[in-house]
Amino acid sequence: MKPSIILYKTLTDNLIDRLKQRVNIIQVPDLSPDTLKKHADDFARAEGLLGSGGKVDSALLENMPALRAVSTISVGYNNFDVNALTERGIALMHTPTVLTDTVADTLMALVLSTARRINEVAERVKRGEWTHSIGPDWFGVDVHHKTLGIIGMGRIGMALAQRAHCGFSMPVLYHARSQHAQAEERFNARRCNLNTLLSEADFVCLILPLSAETHHMIGAEQLAAMKPTAIFINAARGQIVDEQALINALREKRIRAAGLDVFEQEPIDPQSPLLQMPNVVATPHIGSATAETRDAMAHNAVDNLLAALQGNVTKNCVNPEVLSR
Ligand code: GLV
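Residues numbered from 1 in each chain as written. Predicted model: local features only at pLDDT ≥ 70, side-chain atom pairs only at ≥ 80, totals over all residues. Heavy atoms only, no water.

Residues spaced three or four apart along an α-helix face the same direction, because each turn holds 3.6 residues. If you check which residues of helix H12 (residues 243-251) are buried, you get Glu 243, Ala 245, Leu 246, Ile 247, Ala 249 and Leu 250. The elements touched by buried residues of H12 are helix H11 (220-225), strand E10 (231-234), strand E11 (257-260) and strand E12 (280-282). Following H12 by one or two positions, Lys 253 has its phi on the positive side, about 55°. (Buried < 20%, exposed > 50% of the residue type's maximum accessible area, 1.4 Å probe, protein only. Helix = DSSP H or I, 4+ residues; strand = E, 2+ residues; numbered from the N terminus. Contact = heavy atoms within 4.5 Å.)

This is how it looks when you write it as structure tokens:
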């Protein structure tokens, strides 16, 4: 008999057809308590779980005693209680490679749009304010040859360093737990402590996973260490930054601008002061959101789930220790 899976994300018909050859699909809208109650029997017998965006914690796992594999359509897995999954021998699969270049492009887009004030001036043009040759109040600042600081030097950090170094002639600083010889050799990146990066970089780009260690890693003290001309970019997770401290720093003009793809609360409250500030570019967590990359991620997540259910995982497993049990 085919195993059952809970699917909590919409997939294309061709992926649904592929899945159906191997598993029975129970499609649900989300992982909320209401959904769980309504589909209690389905959750109880499901051996797989596929989707993104929902919280997978012990409370949910209590209701899924048959679960063997979870596959998230994302690289980040902060919504998952990895310890609880590992204790139960459940494999957690994710999509760490297929979105690298797209997220690096998003970071570069935030760098360019904040520095050159793209949204702000484009809106002014639409409002009919371009009535004569523009003056300094429309000017931005250069990106090329400025110093780019990367906090987190994983795959995406590397792809950002490549863009900055090869495309924009930017010196690259990075702060990471370990040394990255490749980044140093290929992009002349210089490893430094957080304070040096914050005080020297013209662009501070955050791209590392959210964990207990990185929660609120950027707060008032770190923002105060940045240059008043510097721009802060976050395409990682909102909770890595103390958002109120960021609002204060921007309000008091202690930094120039911010490009934010992620927020402490998502979707962001439309009343957030961040959305009132002309020097903030806010995007709705679009890091990997291109048609091509989201499609590649969905395919990757389906492959990952099927591999985990069939016991032939070779990559993309967050807790590979469960595989040898
Ligand atoms: C996006 O934020 C992801 O984790 O894939």
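Still more ground to cover, so stick around.
Spatially, E2-E1-E3-E4-E5 is the arrangement adopted by the five strands of the open sheet, whose pairing is parallel. This sheet does not close on itself; its edge strands, each paired only once, are strand E2 (24-27) and strand E5 (91-93). Each neighbouring strand pair of the sheet contributes to a mean axis angle of 20°, computed without reference to strand direction. Note: strand E1 (residues 4-7) against E2, four bridges, orientation parallel. Bridge assignment links Leu 7 to a residue of E2, and that residue is Gln 27. (Pairing = 2+ DSSP bridges. Axes fitted to C-alpha atoms, helices over the stretch in contact; angles between N-to-C directions.)

A cluster of nonpolar side chains, namely Val 125, Trp 130, Ile 134 and Phe 139, defines an oily patch on the protein surface of about 420 Å² accessible area. Within the secondary structure, Trp 130 is located in the loop between helix H7 (118-126) and strand E6 (148-151). Of the residues examined, Trp 130 reaches a relative accessible area of 55% and is grouped as exposed. (Patch = residues over 30% accessible without salt bridge, like charges linked within 9 Å, V, L, I, M, F, W, Y side chains within 5 Å. Areas by Shrake-Rupley, 256 points an atom, 1.4 Å probe, with all protein chains shown as cover. Salt bridge = Lys/Arg side-chain N within 4 Å of Asp/Glu carboxyl O.)

Neighbouring the ligand are the residues Ser 74, Val 75, Gly 76, Leu 99, Arg 237, His 285 and Met 297. In this structure, Val 75 approaches the ligand through a main-chain N or O atom, which is 2.8 Å from an oxygen atom. A distance of 2.8 Å separates an oxygen atom of the ligand from a polar side-chain atom of Arg 237. Coverage of the ligand by the protein amounts to 86% of the 190 Å² it exposes when considered alone. Its residues assigned to classes, the shell around the ligand comprises three nonpolar, three polar and one charged. (Near = heavy atom within 4 Å. Polar contact = N/O pair within 3.5 Å; in protein donor to acceptor, adjacent residues only side chain to side chain. Nonpolar A, V, L, I, M, F, W, Y, C, P; charged D, E, K, R; others polar.)

Structurally, His 39 is set in the loop between helix H2 (33-38) and helix H3 (40-45). Residue classification places His 39 among the buried positions, given a relative accessible area of 19%. With sequence-adjacent residues up to four places away left out, His 39 is seen in contact with Ile 26 and Val 28.

The subject of this paragraph is the packing of helix H1 (residues 13-20) against helix H13 (residues 291-310). At their nearest, the axes of H1 and H13 sit 11 Å apart, and the two run at 5° to each other. In terms of orientation, H1 and H13 fall into the roughly parallel class. Side by side, H1 and H13 meet where Asn 14, Leu 15, Arg 18 and Leu 19 of the first sit next to Ala 298, His 299, Val 302, Asp 303 and Leu 306 of the second. Tallied by class, the residues present in the contact of H1 with H13 amount to five nonpolar, two polar and two charged. (Parallel < 35°, antiparallel > 145°, perpendicular 65-115°, else oblique.)

Turning next to the environment of Val 281. Assignment of secondary structure puts Val 281 in strand E12. Taking the C-alpha atoms as reference points, Val 281 and Ile 151, 130 residues apart in sequence, are found 19 Å from one another. Setting aside anything within four residues of it in sequence, one finds Val 281 in contact with Leu 110, Ser 113, Thr 114, Asn 119, Ala 258, Gly 259 and Leu 260.

So, on to unusual backbone geometry. The omega torsion across Glu 266 and Pro 267 is -5°, close enough to zero to call that bond cis. Its location among the elements puts Pro 267 in the loop between E11 and E12. Not every positive phi belongs to a glycine, and His 285 is a case in point at roughly 50°. In this structure, His 285 sits in the loop between E12 and H13. In this model, Asn 316 sits at a positive phi of 65°, which is unusual for a non-glycine residue. Position of Asn 316 among the secondary structure elements: in the segment after H13. Classification of Asn 316 as buried rests on a relative accessible area of 11%.

What follows concerns the packing of aromatic side chains. Throughout the structure, instances matching the rule amount to zero aromatic pairs. Stacked on the ring of Trp 138, the Lys or Arg Arg 124 has its end atom at 4.0 Å from the ring centre. (Phe/Tyr/Trp six-rings, centres within 6.5 Å; stacked < 30°, edge-to-face > 60°. Lys NZ or Arg CZ within 6 Å of the ring centre and 35° of its normal.)

A separate point is the sheet that holds E11. If you walk across this open sheet you meet the seven strands as E8-E7-E6-E9-E10-E11-E12, and the pairing is parallel. The open sheet has two edge strands with one neighbour each: strand E8 (190-191) and E12. Pairing analysis gives four bridges linking strand E9 (residues 203-206) to E10, with the strands arranged parallel. From the neighbouring strand, Leu 206 faces E10, where its bridge partner is Asn 234. Contacts from helix H8 (residues 155-168) reach E6, strand E7 (172-175) and E9, with the element oriented near 175° to E6.

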